[in-house]
Amino acid sequence: MADARRVVISGRVQGVGFRAWMVATASSFGLKGWVRNCRNGSVEAVFSGEETDITAMIEACKDGPPAARVEAIEQYACEEETGESFIARPTV
């Protein structure tokens, strides 16, 4: 079973193309999972794949797309089944 990690990213991360950027970037790392906006203004994601790819993705999230301003990234262990690709989900 692949490793998985849930992250919550806060700062200026909505309305700046963060979800689309994350789908493209996570897919380029070969990760599976999802990303969604949260009503509190954060972005939540689950990454599943090789640990080195998850770590590289989280490092990339520290910058995000050009208009984003990431203030914090919280990480949590996760055992969620993520499907066969990386997708954007609706806001919760």
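Please refer to the structure higher up on the page.
Residues numbered from 1 in each chain as written. Predicted model: local features only at pLDDT ≥ 70, side-chain atom pairs only at ≥ 80, totals over all residues. Heavy atoms only, no water.

A. Main features of the layout of surface pockets. Considered as a void within the structure, the largest pocket measures approximately 160 Å³ in volume. Residue composition of the lining of the largest pocket, by class: 3 nonpolar, 4 polar and 4 charged. (1 Å grid on protein atoms, 1.4 Å probe; cavity = no way out; pocket = protein on both sides within 12 Å on 5 of 7 lines; lining within 4 Å. Points joined across faces, edges and corners; volume = space filled by probe spheres on them. Nonpolar A, V, L, I, M, F, W, Y, C, P; charged D, E, K, R; others polar.)

B. Geometry of helix α1 (residues 18–28). Taken together, the buried positions of α1 are occupied by Phe18, Trp21, Met22, Thr25 and Ala26. When α1 is viewed along its axis, its buried side chains cluster within an angular range of 120° and face the same direction. Exposed residues lying more than 90 degrees from the buried face of α1 are Ala20, Ala24 and Ser28. Against the buried residues of α1 lie β1 (3–12), β2 (32–37), β3 (43–49), α2 (51–61), β4 (69–77) and β5 (86–88). (Buried < 20%, exposed > 50% of the residue type's maximum accessible area, 1.4 Å probe, protein only. Helix = DSSP H or I, 4+ residues; strand = E, 2+ residues; numbered from the N terminus. Arc of directions from axis to C-beta. Contact = heavy atoms within 4.5 Å.)

C. Here's a closer look at α2. Those residues of α2 that fall on the buried side of the exposure criterion are Ile54, Met57, Ile58 and Cys61. Angular distribution of buried residues about the axis of α2 spans 100°; they occupy a single face of the element. Lining the buried residues of α2 we find β1, α1, β3 and β4.

D. Highlighting the pattern of salt bridges. Within this structure, the stated rule accounts for 5 salt bridges. In this structure, the salt-bridge partner of Arg6 is Glu44, at a minimum N-O distance of 2.8 Å. Highlighted residues: Arg6 in strand β1 and Glu44 in strand β3, separated in sequence by 38 residues. Given the relative accessible area of 27%, Arg6 is considered partly exposed. Residue class for Glu44 comes out buried when judged on its relative accessible area of 8%. The partner of Lys62 in a salt bridge is Glu59, and the shortest N-O contact between them spans 2.7 Å. (Salt bridge = Lys/Arg side-chain N within 4 Å of Asp/Glu carboxyl O.)

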